Amino acid sequence: MSFSQNKKEEILLVTKSLRSSLLTRHHYLAFPSLVITNYYTLTQGKLFGSNLCERLINEDITINEILINQRWQIPRWIYLQEICLLMFFLEIKNKNKDFFYERVNGILRETFVERCLEIFLKVNRVSLNSLITSKKFKTLYKGIKKRKELTHIAQISLSPFTKNPNVKVGITNMEVMENDLLGAITDKPNLKENKRKKHFNLLNEAEKEKVDILLLPETSVPLDWLFAYTDESKRKNRSIIFGLEHFSHNNNCFNFSIAALPFTIGKTRDVLVVPRLKNHYSPSEEHEILTYGKLIPMQIPNFYHLFIWRNIQFTVFNCYELANISDRGHFKSYVDIVFAIEYNKDINYFSNVAESCCRDIHCFFAQANTSKYGDSRIVAPQETQNMNLVRVKGGNNNVILTHELNIEELRGFQKKRLPYQLVDKTFKPTPPDYNHAIVDKRGKVS
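A short tour of the structure in this document, coming up. (Residues numbered from 1 in each chain as written. Predicted model: local features only at pLDDT ≥ 70, side-chain atom pairs only at ≥ 80, totals over all residues. Heavy atoms only, no water.)

**Quick word on helix α9 (residues 226-236)**
For step 1, the next point in the chain: Taking burial as the measure, the 11 residues of α9 include 8 buried ones, the bulk of the element.
For step 2, the next point in the chain: Along α9, the residues classified as buried are Leu226, Phe227, Tyr229, Thr230, Asp231, Glu232, Ser233 and Lys234.
For step 3, the next point in the chain: Against the buried residues of α9 lie α5 (80-94), α8 (193-209), β7 (239-243), β10 (256-265) and β11 (268-277).
For step 4, the next point in the chain: Just downstream of α9, asparagine 237 is the residue with a positive phi angle, here 55°. (Buried < 20%, exposed > 50% of the residue type's maximum accessible area, 1.4 Å probe, protein only. Helix = DSSP H or I, 4+ residues; strand = E, 2+ residues; numbered from the N terminus. Contact = heavy atoms within 4.5 Å.)

What follows is the structure in structure tokens.
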């Protein structure tokens, strides 16, 4: 046996020992939660390189149960952020439908957050059940006898850590390149340095402006940068809502929205990452995906979230989902803000949808679209000349426009009944059948 062969085997042995000992610097990894998987502890699989995340979906990234049960072997705290991302990949890897929820005794239930909290408890011996809860908000049915489920909404709540519900929202004005969209659909995502710098500049500007919630367009963040974005949310204590670029598994082409919601455990910062598969792909999006032999992942019923975070209530719509008037209407009286991530050419139509949603649901409405088509905006349920708090299109440079939303003022107006609202005139009157009684309950975790 040659010297070089001996050396190679020695290096592999040392590498294997280092990985199994878990004594490497985990924060250098592009995906740190790999350290609690069989992929990291039992194989010599690659830990770096382009398209790492898409490759990992096809690998054995199941959790090493022996390691979890012998917690003393893990030399550090495992963040909920890391567990959420690992569970996200396992969900994609192991399912073909019904992502992030299951039917238990015939009843639909959101299970993604529950499972993440269970793993967190096993790994860290600390329960987050008093801080984070997931439960059914409502299930909408069609018909009386068959009761066909149309829409399921899960309520995700994080215990408040501030008495002031007002939030500073940052809307990104950035161009989502068509070539990047096509590259992602055809499994050739653009991860070049110049694109990375543009994203880093946006995150740095969000820190400079000290925004509470940063909103980016649909399909704007490559899958391989998911950890970087959620880590920024954790470190800066900033919620980030964005769309992942398309990626594929088992020939299904996925379009996910991501809500990264930071919180604190004592003095430790962490973040709950909540992914959601797009319910309604647009006709042009379906055409592009099917052109390249990919499939559209379907799940029935439609699935949405009602978030309670920092004393505010909001939901997230992914572009073409807004065209479903029934889905929008489910949130009337229940939200302070509707966030919309978009990649959309039909500005006139979606502009009308934004204004209609804002007034019919009676809430703030914030949307981020690619700067090429524009109409990224924040809208308030006010008179036409005052309703656009922020509105932007175009430009060669990516920027963030901010506005602080006065949630308390909006709720104070909504508590009033119609005759008194006409005297106030701060906002447009609430729509018919608006439930004034539940406004006081908004933002409170029950």
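**Topic: the side chain of histidine 246**
For step 1, the next point in the chain: Relative to the helices and strands, histidine 246 resides in the loop between β7 and β8 (247-249).
For step 2, the next point in the chain: In terms of polar contacts, histidine 246 uses its side chain to reach the side chain of glutamate 285, at 2.7 Å.
For step 3, the next point in the chain: Residues in contact with histidine 246, not counting those within four places in the same chain, are Ala184, Ile185, Thr219, Cys253, Phe254, Asn255, Glu285 and Ile289. (Polar contact = N/O pair within 3.5 Å; in protein donor to acceptor, adjacent residues only side chain to side chain.)

**A word on the nonpolar core**
For step 1, the next point in the chain: Ranked by size, the top nonpolar core spans 108 residues in total, and within it Leu80, Phe88, Leu272, Phe314 and Phe339 carry the most contacts.
For step 2, the next point in the chain: The biggest single contributor to this core is α5, with 10 residues.
For step 3, the next point in the chain: Ignoring anything within four residues of it in the chain, the contact list for phenylalanine 88 reads Phe100, Phe112, Leu223, Leu226, Leu244, Phe247, Phe256 and Pro275.
For step 4, the next point in the chain: Among the nonpolar cores identified, the runner-up in size contains 20 residues, and Phe317, Phe331, Val335 and Ala340 belong to it. (Core = buried A, V, L, I, M, F, W, Y, C linked by side-chain atoms within 4.5 Å.)

**Side note on the pattern of salt bridges**
For step 1, the next point in the chain: What the rule picks out here adds up to 24 salt bridges.
For step 2, the next point in the chain: Among the salt bridges present, the one from glutamate 321 reaches arginine 276, with a minimum N-O distance of 2.8 Å. With a gap of 45 residues between them, glutamate 321 in the loop between β13 (312-318) and α11 (325-329) and arginine 276 in strand β11 connect regions that are remote in the sequence. Per residue, the accessibility class of glutamate 321 equals that of arginine 276, and both read buried. (Salt bridge = Lys/Arg side-chain N within 4 Å of Asp/Glu carboxyl O.)

**Considering the layout of surface pockets**
For step 1, the next point in the chain: Taken as a whole, the largest pocket holds about 540 Å³ of empty space.
For step 2, the next point in the chain: Residue lining of the largest pocket: 22 residues in total, with Leu181, Ser284, Glu285, Tyr343 and Lys345 positioned closest to the centre.
For step 3, the next point in the chain: The dominant element in the lining of the largest pocket, judged by the number of residues it contributes, is helix α7 (residues 178-185), at 5 residues.
For step 4, the next point in the chain: A per-class count over the lining of the largest pocket returns 9 nonpolar, 6 polar and 7 charged.
For step 5, the next point in the chain: Looking at the second largest pocket, it is lined by 17 residues, and the ones nearest its centre are Glu175, Met177, Asp180, Lys195 and Lys198.
For step 6, the next point in the chain: Every element with two or more residues in the lining of the second largest pocket is listed here: α7 and α8.
For step 7, the next point in the chain: Broken down by element, the residue count for the lining of the second largest pocket peaks at 4 residues, all from α8.
For step 8, the next point in the chain: Looking at the lining of the second largest pocket, its residues break down into 3 nonpolar, 8 polar and 6 charged. (1 Å grid on protein atoms, 1.4 Å probe; cavity = no way out; pocket = protein on both sides within 12 Å on 5 of 7 lines; lining within 4 Å. Points joined across faces, edges and corners; volume = space filled by probe spheres on them. Nonpolar A, V, L, I, M, F, W, Y, C, P; charged D, E, K, R; others polar.)

**Some thoughts on the packing of aromatic side chains**
For step 1, the next point in the chain: Within this structure, the stated rule accounts for 19 aromatic pairs.
For step 2, the next point in the chain: Between phenylalanine 88 and phenylalanine 247, the ring centres sit 6.2 Å apart and the planes meet at 75°, which makes this aromatic pair edge-to-face. Of this pair, phenylalanine 88 sits in helix α5 while phenylalanine 247 sits in strand β8, and the two are 159 residues apart along the sequence. Summarising the burial analysis for this pair, phenylalanine 88 and phenylalanine 247 share the class buried.
For step 3, the next point in the chain: Seen from their ring centres, phenylalanine 88 and phenylalanine 256 are 5.1 Å apart, and the 90° between their planes marks the pair as edge-to-face. Taken together, the residues phenylalanine 88 in helix α5 and phenylalanine 256 in strand β10 connect sequence positions 168 residues apart. A single burial state applies to phenylalanine 88 and to phenylalanine 256, both of which are buried. (Phe/Tyr/Trp six-rings, centres within 6.5 Å; stacked < 30°, edge-to-face > 60°.)

**So, the packing of α5 against α9**
For step 1, the next point in the chain: At a minimum axis distance of 10 Å, the contact between α5 and α9 shows a crossing angle of 150°. By the criterion of interaxial angle, the relationship of α5 to α9 is roughly antiparallel. In terms of crossing hand, the pair formed by α5 and α9 is right-handed. For the pair α5 and α9, contact is made by Gln81, Glu82, Leu85 and Phe88 and by Leu226, Phe227, Thr230, Asp231 and Lys234, respectively.
For step 2, the next point in the chain: Residue composition of the contact of α5 with α9, grouped by class: 4 nonpolar, 2 polar and 3 charged. (Axes fitted to C-alpha atoms, helices over the stretch in contact; angles between N-to-C directions. Parallel < 35°, antiparallel > 145°, perpendicular 65-115°, else oblique. Left-handed = near helix turned anticlockwise from the far one by under 90°.)

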